[in-house]
Amino acid sequence: MEEAEMDAAWQAAQRRRKLRGWLLPSAGAGALLFLWWAVVAYFHVRPFIAPSPEVVAITLYQKFGMLMDNLAPTAIEAIGGFIIGNLLGIGIATIFVHCRTMEQAFFPVAVFINSIPIVAKAPILVLMLGNGLAPKIAISAVICFFPTLVNMARGLEAVSPQAMELMHVLSGSRWEIFWKLRLPTSLPFLFSALKVATSTAVVGAIVGEWIGSQEGIGALIIQATYNFDSALLYAVVLCGSAFSVAFFMAVRLLERLVIRWEAPGG
Amino acid sequence: MGGDLALDCRDVTVRFMSERRAVTALERVSLALEPGDFVTLLGPSGCGKSTLLRVIADIIAPTTGSVKVFGEAPSGARQRREIGFVFQDASLLPWRNVLDNVRLPLEVGGRRGSVPVSPEALLDMVGLAGWEKSYPHELSGGMRQRVAIARALLGGPRILLMDEPFGALDEITRDRLNEELLRIWRETGTTIVFVTHSIYEAAFLARKVLVLAPRPGRVRELVTVDLPEPRGLAVRETPEFVRLAAHLRRVLEGL
């Protein structure tokens, strides 16, 4: 009897906590939206400086087809760059872990290339790869590559010494040590890099489109800015962010499906 | 090779370079064990007991001296899976469930054959029947060590090396696991080399206690344990045990 009561109380507390988890952020966002609307209305902010939220919403609704047509190439570039850049990062990290000479020879080069700002790398890649999707994918890949390389290399090295000794006692080959020990150990490190890479991949694609493109989120941002079409600009930015968030959530979902062994909170 | 010793260490010396000076971890340590023996290596930290265990397991090569495990070099014994090793932390792979952790030795080192005792039967032997599908983070420290013991026993090793396996456990759990280890030892007949810094654990488990001194790690005395077998925890209250523990303490302190 008492136990049932405690159980019910505990479940009610859980429900309240869950509700708060939704309610508070929604209330916060709503309050900021209202503030935005009030400021624009009260100070009579002119539309080309900042649009009011309802104008953005209307633009989003009316131009939804056009926005989606422009989101598609950006999404392809971002996802393509994400896949290529991360695969390269994972592959080269694997080589580095198994061959110190390669690491010592090429890691400083990777650090140097990474230190060039993306807006400076972008024109170089556009010159090399022309004007299609390729340079945008390349820029996106370059921007994803480095954090994944560093994190993956760290993850592959994060094996406990005793686990390595265990593999030695079992006469495990390098290949077996890689597949059975290093790779699974590195996955949490890899996924934290991948989650960061989702948003940087989108940034890369957009920056690539700024340099020279007729379509895509980046091109639309430039267009809307030159035309003082602030409502369209905000709507485009919202679309881009929504895609970034969806991309992030997809990778996080994948992470939860793959890494099931971590203790809650551990 | 029938008359071979299970373990024959002769004048094993291990030196390694650290920072700018050479450290002698072990100096001329000798130890001979008959098959089925149970020896504990007892000493304070820095006495090289873990190093000796790693020399036997072919993880560290001795600087000088020779080691034979059932008449052959440690590397051969390791490759033929005659050595089982239990580490201080259980070293389970967190992404594998209990059964798959025990099965790991079947998947590496080019072993895909049959084993004398199935992983399920070994889990039953260490008292973990029914836990096959659990993951390491769902187990207590003592249960994790039981899994590690089952894993080390897979393939029927002729010598089991244990590096302070119960050192991180609470005393009650440690006592229970000590008793169970003796039962497993009797059931499997394997030779066990067990590292500990607990006098009581060393005396309770072993037929022989090798007492080591630190810096450099060297043998103080090989003490033969004359307690009745099979032993239960109650043996620790007998005058013989108390005398033995007192003797071990004196040897440890070099008196």
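Look up: the structure comes first, before these words.
Residues numbered from 1 in each chain as written. Chains lettered and ligands numbered in written order. Predicted model: local features only at pLDDT ≥ 70, side-chain atom pairs only at ≥ 80, totals over all residues. Heavy atoms only, no water.

**Examining the overall build of chain B**
Assigned secondary structure in chain B consists of eight helices and nine strands. Each of the three principal axes of chain B carries a C-alpha extent, and together these read 50 × 45 × 40 Å. Across the 255 residues of chain B, 53% fall into the buried class. Look at the contacts in chain B between residues 6 or more apart in sequence, and 71% of them connect residues 24 or more apart. Counting every atom, chain B has about 11100 Å² of accessible surface; 49% of that belongs to carbon and sulfur. Computing the positive centroid from 34 side-chain charges and the negative centroid from 32, chain B places the two 5 Å apart. (Helix = DSSP H or I, 4+ residues; strand = E, 2+ residues; numbered from the N terminus. Buried < 20%, exposed > 50% of the residue type's maximum accessible area, 1.4 Å probe, protein only. Contact = heavy atoms within 4.5 Å. Areas by Shrake-Rupley, 256 points an atom, 1.4 Å probe, with all protein chains shown as cover. Lys, Arg positive; Asp, Glu negative; His and termini not counted. Charge placed at Lys NZ, Arg CZ, Asp CG, Glu CD.)

**With respect to the packing of aromatic side chains**
Counted by the stated rule, this structure contains 16 aromatic pairs over all chains. Ring centres of A:Phe96 and A:Phe107 lie 6.2 Å apart, and the angle between their planes is 75 degrees; on these two criteria the pair is classed as edge-to-face. With A:Phe96 in helix α3 (residues 64-98) and A:Phe107 in helix α4 (residues 100-115), this residue pair connects regions lying eleven residues apart in the sequence. Judged by its relative accessible area of 27%, A:Phe107 falls in the partly exposed class. Here B:Phe166 and B:Phe194 contribute two aromatic rings whose centre-to-centre distance is 5.8 Å and whose plane-to-plane angle is 50 degrees, an arrangement assigned as tilted. Of this pair, B:Phe166 sits in the loop between β6 (159-163) and α6 (171-188) while B:Phe194 is found in strand β7 (residues 191-196), placing the two residues 28 residues apart along the sequence. For B:Phe166, a relative accessible area of 0% gives the class buried. Its relative accessible area of 0% is what places B:Phe194 among the buried residues. Counting every residue linked through ring pairs, the aromatic cluster contains B:Phe38, B:Phe166, B:Trp185 and B:Phe194. The ring of B:Phe70 has B:Arg158 sitting right over it, with the charged end atom 3.8 Å from the ring centre. (Phe/Tyr/Trp six-rings, centres within 6.5 Å; stacked < 30°, edge-to-face > 60°. Lys NZ or Arg CZ within 6 Å of the ring centre and 35° of its normal.)

**Here's the deal with the packing of helix α1 (residues 2-42) of chain A against helix α2 (residues 53-62) of chain A**
All names here are of chain A. Where α1 contacts α2, the two axes come as close as 8 Å, and the packing angle between them is 105 degrees. What the angle tells us is that α1 and α2 run roughly perpendicular. Residue-level inspection shows Leu 33, Trp 36 and Trp 37 of α1 in contact with α2, the latter providing Pro 53, Glu 54 and Val 56. (Axes fitted to C-alpha atoms, helices over the stretch in contact; angles between N-to-C directions. Parallel < 35°, antiparallel > 145°, perpendicular 65-115°, else oblique.)

**Notes on the environment of A:Gly85**
All names here are of chain A. Looking at the secondary structure, you find Gly 85 in helix α3. Spatially, the C-alpha atom of Gly 85 lies 9.3 Å from that of Leu 149, the residues being 64 residues apart in sequence. Leaving out residues up to four positions away in the same chain, Gly 85 has contacts with Ala 141, Cys 144 and Phe 145.

**Here we look at the sheet that holds strand β4 (residues 64-69) of chain B**
Sheet strands associate in pairs through backbone hydrogen bonding, adopting either a parallel or an antiparallel arrangement. Residues and elements named next belong to chain B. The three strands are arranged β2-β1-β4 in an open sheet whose pairing can be described as antiparallel. Of all strands in the sheet, those bounded by a partner on one side alone are β2 (21-33) and β4. Strand-to-strand twist across the sheet, computed as the mean angle between neighbouring axes with direction ignored, equals 30 degrees. The pairing of strand β1 (residues 7-18) with β4 spans five bridges and is classified as antiparallel. Opposite Leu 7, over in β4, you have Val 69 as the bridge partner. Seen against the sheet, helix α1 (residues 49-56) touches β1, β2 and β4 and runs at an angle of roughly 115 degrees to β1. (Pairing = 2+ DSSP bridges.)

**Topic: helix α6 (residues 133-157) of chain A**
Residue and element names in this part refer to chain A. Spanning 25 residues, α6 covers 36 Å between terminal C-alpha atoms, matching the ideal 36 Å at 1.5 Å per step. When the local axis directions of α6 are compared, the greatest deviation, roughly 30 degrees, occurs at Phe 145, which is followed within four positions by the proline Pro 147. Within α6, 18 of the 25 residues are buried, leaving the element largely enclosed by the surrounding structure. (Expected span 1.5 Å × (residues − 1). Bend = angle between axes of the 7 residues up to and from the residue.)

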